[in-house]
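Residue-level structural notes
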Amino acid sequence: MTAKNHEENEITVHLENGRELTYNPQRLSGVSVYREARREFAKGDRIQFRAPFTERRVANGELGTIAKISDEEMTVKLDGGREVSFEAEKFRHLDHGYAVTSHSSQGTTVDRVLINSDTLESRVLLNDRMGYVAVSRAREDATIYTNSIEELRGALDRRADKEMALEAVQVSNERRNVLRDDQNPYESQNRGSLDSQQGREPEIIEEANEDRGEAEVAEAEEMEFSLA
């Protein structure tokens, strides 16, 4: 994405072929938001397909283990037992599969689950639904890691309402900023003075925060936890 127009509810994207396209997201479905990142894989690595691979009949979120890998081709043994081979250059929606979101883990049962529950996250990310799904994935043992045992009970009692992932990111960022300012009020004052000296308006700062939040949409589904 290269530009956005709040008044017209339009965004402009730069396509791989060099062409630019401006459109209203409400009128165009089937668009996924993601961030490009470098990953290194080796034989034996656990991976997750982060988008549907229709050509090989692999569903979004499916897990597997790399059986063979070369400069041109990769063979993955899916958890369901089937093996698929493909050219890595033609399908890039892959990530390590050692930790997954509770949403993408639905339907999976494993021996042990390690759950990351940060109570500073918003109720969209940490709530009763997330807690139930995460814990119920374990066959034998589930261990929860949290920053506050006292606040965890209340966080897991919160009911989950459907909200945009972007809102979840914005709420989380606001809470972290408040906590940081409470711990270091002088830093908050100095930051405000610096903004004034440089002639920056609060609206510009807020817009920059929104841009950063939109870039994190793809990572804001739910809390992550490890499967073993």
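Moving on, we come to the overall build of the protein chain. Scanning the protein chain from terminus to terminus reveals five helices and 12 strands. The proportion of buried residues among the 228 residues of the protein chain is 28%. Residue pairs in contact within the protein chain that sit at least 24 positions apart in sequence constitute 65% of those at least 6 positions apart. Roughly 15700 Å² of accessible area belongs to the protein chain as shown, and the carbon and sulfur atoms make up 45% of that amount.

Turning to the pairing of strand E3 (residues 20-23), a few remarks are in order. Side-chain direction in a regular strand flips from residue to residue, so the side chains alternate between the two faces of the sheet. Here strand E2 (residues 10-14) runs beside E3; their pairing, made up of four bridges, is antiparallel. By the bridge assignment for E3, histidine 14 is matched with glutamate 20. What sits between the antiparallel neighbours E2 and E3 is a turn of five residues, in which glycine 18 has the positive phi angle 95°.

Pairing in this open sheet of five strands is antiparallel, and the strands run E7-E6-E5-E4-E8 from one edge to the other. The open sheet has two edge strands, strand E7 (83-87) and strand E8 (94-96), and neither has a second partner. When the angles between neighbouring strand axes are averaged without regard to direction, this sheet yields 40°. Two elements, strand E5 (residues 63-69) and strand E6 (residues 73-78), share five bridges in a ladder whose sense is antiparallel.

Taken residue by residue, helix H1 (residues 128-136) has Met130, Gly131, Val133 and Ala134 as its buried positions. Backbone nitrogen of arginine 129 and a side-chain oxygen of the N-cap are separated by 3.1 Å at the start of H1; the cap is asparagine 127.

This part covers the packing of aromatic side chains. Within the structure shown, the criterion is met by six aromatic pairs. Where phenylalanine 86 meets phenylalanine 91, the ring centres are 6.2 Å apart and the plane angle is 80°; that geometry is what we call edge-to-face. The same class applies to phenylalanine 86 as to phenylalanine 91, namely buried. Put simply, the rings of Phe49, Phe53, Phe86 and Phe91 pair up and form one aromatic cluster.

Turning our attention to the nonpolar core. In terms of nonpolar packing, the biggest core is built from 12 residues, these being Ile47, Phe49, Phe53, Val58, Ile66, Met74, Val76, Leu78, Val84, Phe86, Phe91 and Leu94. Secondary-structure elements contributing two or more residues to this core are strand E4 (46-49), E6 and E7. Contacts of phenylalanine 53, omitting those with residues within four sequence positions, involve Val58, Phe86 and Phe91. Listed in part, the seven residues of the second largest apolar core include Val113, Leu126, Met130 and Ala155.

With that settled, consider the environment of asparagine 147. Topologically, asparagine 147 is positioned in the loop between strand E11 (138-146) and helix H2 (149-156). Note: C-alpha distance between asparagine 147 and asparagine 116 (31 residues apart in sequence) is 9.2 Å. Beyond its immediate sequence surroundings of up to four residues, asparagine 147 is in contact with Ser117, Asp118, Thr119 and Leu120. Within the structure, asparagine 147 has its side chain in polar contact with the backbone nitrogen of threonine 119 (distance 2.8 Å).

Our next topic: the side chain of threonine 12. Relative to the elements of secondary structure, threonine 12 occurs in strand E2. A residue is classified by how much of its surface remains accessible, and threonine 12, at 13% relative accessible area, is buried. At a separation of 2.8 Å, a polar atom in the side chain of threonine 12 contacts the side chain of threonine 22. Excluding residues that lie within four positions of it along the chain, threonine 12 makes contacts with Met1, Thr2, Ala3, Glu20, Leu21 and Thr22.

Next up on the list: unusual backbone geometry. Here asparagine 9, not a glycine, exhibits a phi torsion of approximately 55°, which is positive. Counting through the fold element by element, asparagine 9 comes out in the loop between strand E1 (3-5) and E2. Its identity as a non-glycine residue notwithstanding, arginine 57 has a phi of 55°, on the positive side. Counting through the fold element by element, arginine 57 comes out in the loop between E4 and E5. Arginine 57 sits in the exposed class, given a relative accessible area of 63%.

Cut-off values and rules
Residues numbered from 1 in each chain as written. Predicted model: local features only at pLDDT ≥ 70, side-chain atom pairs only at ≥ 80, totals over all residues. Heavy atoms only, no water. Helix = DSSP H or I, 4+ residues; strand = E, 2+ residues; numbered from the N terminus. Buried < 20%, exposed > 50% of the residue type's maximum accessible area, 1.4 Å probe, protein only. Contact = heavy atoms within 4.5 Å. Areas by Shrake-Rupley, 256 points an atom, 1.4 Å probe, with all protein chains shown as cover. Pairing = 2+ DSSP bridges. Axes fitted to C-alpha atoms, helices over the stretch in contact; angles between N-to-C directions. Polar contact = N/O pair within 3.5 Å; in protein donor to acceptor, adjacent residues only side chain to side chain. Phe/Tyr/Trp six-rings, centres within 6.5 Å; stacked < 30°, edge-to-face > 60°. Core = buried A, V, L, I, M, F, W, Y, C linked by side-chain atoms within 4.5 Å.

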